[in-house]
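# Working through the structure, step by step
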Amino acid sequence: MNTTTYQRFQFSLLIISVFITGAAEGMLLPLVSSLLERSGVSSIWNGLGSTSLYIGMLIAIPLMENRCAKSDTNFLIGGLVLITLPLFLFPIWMNLWFWFMLRLCVGLGDSMLHFAAQTWITIDSPLNHRGRNISFYGLAFGVGVAVGPMLVRLADYGTAVPFLTGGIFCTLVLFLLVLLKNEYPEFIEDKATSTSALFSRYKNVLTAAWSGFMVTFAFGFLETSLNNSFPIFALRHGYDLHALSVLLPAFVIGGLMTQLPLGMLGDRFGRNRLLPIITCVGALALFLTGVLCDYFYGIYFTLLAAGLMVGSLYSMSMGFVSDLLDKAQIPLGNIIMTICYSIGSMIGPITGNLLINRMPNGGLFYGVSFLVFLASISCTVQSIQLHRKGSSFQKNSRSLKQMRLFFFIATCLHEPLFLVPHNLSEQQNH
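Quick notes on the rules
- Residues numbered from 1 in each chain as written.
- Predicted model: local features only at pLDDT ≥ 70, side-chain atom pairs only at ≥ 80, totals over all residues.
- Heavy atoms only, no water.
- Core = buried A, V, L, I, M, F, W, Y, C linked by side-chain atoms within 4.5 Å.
- Buried < 20%, exposed > 50% of the residue type's maximum accessible area, 1.4 Å probe, protein only.
- Contact = heavy atoms within 4.5 Å.
- Axes fitted to C-alpha atoms, helices over the stretch in contact; angles between N-to-C directions.
- Helix = DSSP H or I, 4+ residues; strand = E, 2+ residues; numbered from the N terminus.
- Left-handed = near helix turned anticlockwise from the far one by under 90°.
- Nonpolar A, V, L, I, M, F, W, Y, C, P; charged D, E, K, R; others polar.

A few words on the nonpolar core. Ranked by internal contacts, the top residues of the largest apolar core, which has 111 residues, are Phe163, Leu222, Phe230 and Leu303. Residues in contact with Phe230, not counting those within four places in the same chain, are Ser225, Leu244, Leu247, Leu248, Ile299, Leu303, Leu364 and Phe365.

If you want it as structure tokens, here you go:
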């Protein structure tokens, strides 16, 4: 297998692994929360249990920091193993705390796998195709998340069937990943290891791409609020699991439809210009979901519209953060993105369930809309800052060029006086 063919094979396996983990995550959140709701677990404890997936992601951060720019294929395989094994263990015992620990393992594996895939794609992709390649990554994950809730229907044939189905598919992909060579992406290593240097690196990355991290945080909040809190909202408003399996994928379907187009538009016109627009329109669509929450088609079409705008927000923010950072900073940027996404995902279910209790009619969507709007404002502010910085740089460059031109002309006018031969005056005297 030549180099080009192997690289395509490698990229394909990365995309497949991201798809299967997206399906597992998309299935677990609504399935587990619905089963616990039916068994009488309160919405608050239900939401707290959902945070275990994202606590696991945070636990993985020290592992990723130690291997910051060295995400080899063993990292991918190890991550998928930690996702696969719990899927086979879920049917053994329906218990909130047992499932808490299993989802903790899934979160740990999910974080490891996604960090490795993100590092490969963002570092190895050429700048003019970065948005497109990241969009393929986001598309694979989005399709997986869209397929996941559909697997909830398999629970009609037995509670264990959805879990076992997901576990079998993960096992098949695991065997394919073993075929990859154990190698590392090309990167520029940052050798700073002291505590002060570590804090300095984090500070520099946060300062350079703070609005991108805000977008990632908002998307984590948005995604888990919909996947975990929305099933509770739907069940309390009289929608059954079949209606839920239609409504929940609407947001994801919208994101899939615009994943590649938005990625390519970002490559062409700049993600710093595109992100403020799509987040603002997406926030408006989510607000309208709250207004029309009593109507099935009102929820469906407004969630679809929101998905068209912000369904691909994670991949867009990943490309935006990569644009703002140097190549050596990208792995650390991916780590901070994971932290922001995990924190947003942990806060999302708890806040969403509280909003459902306090404001049963639409409060969930108003809260999500407000946070997405804040992300839009942050992108707008940093885009203005980048524009002013670029204008200042251009002015300084023009001033420098003018100074150089002035000194060049002055030198040309002054230099001949020193280039006159010493014997020229003597010749003139003769």
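Looking now at the packing of helix H14 (residues 313–324) against helix H15 (residues 330–358). Contact pair H14 / H15: the axes reach a minimum separation of 10 Å and the direction vectors enclose 145°. Regarding H14 and H15, the two cross each other, and that crossing is right-handed. Together, Tyr314, Ser317, Met318, Val321 and Ser322 of H14 and Ile330, Gly333, Asn334, Met337 and Tyr341 of H15 make up the contact between the two elements. Among the residues forming the contact of H14 with H15, the class breakdown is six nonpolar, four polar and no charged.

Our focus in this paragraph is the environment of Ser312. Summarising the element assignment, Ser312 is placed in the loop between helix H13 (296–310) and H14. Here Ser312 falls in the buried class, since its relative accessible area comes to 2%. Each C-alpha atom of the pair Ser312 and Met257 lies 9.3 Å from the other, and the pair is 55 residues apart in sequence. If sequence neighbours within four positions are ignored, Ser312 has contacts with Gly255, Thr258, Gln259, Leu262 and Gly307.

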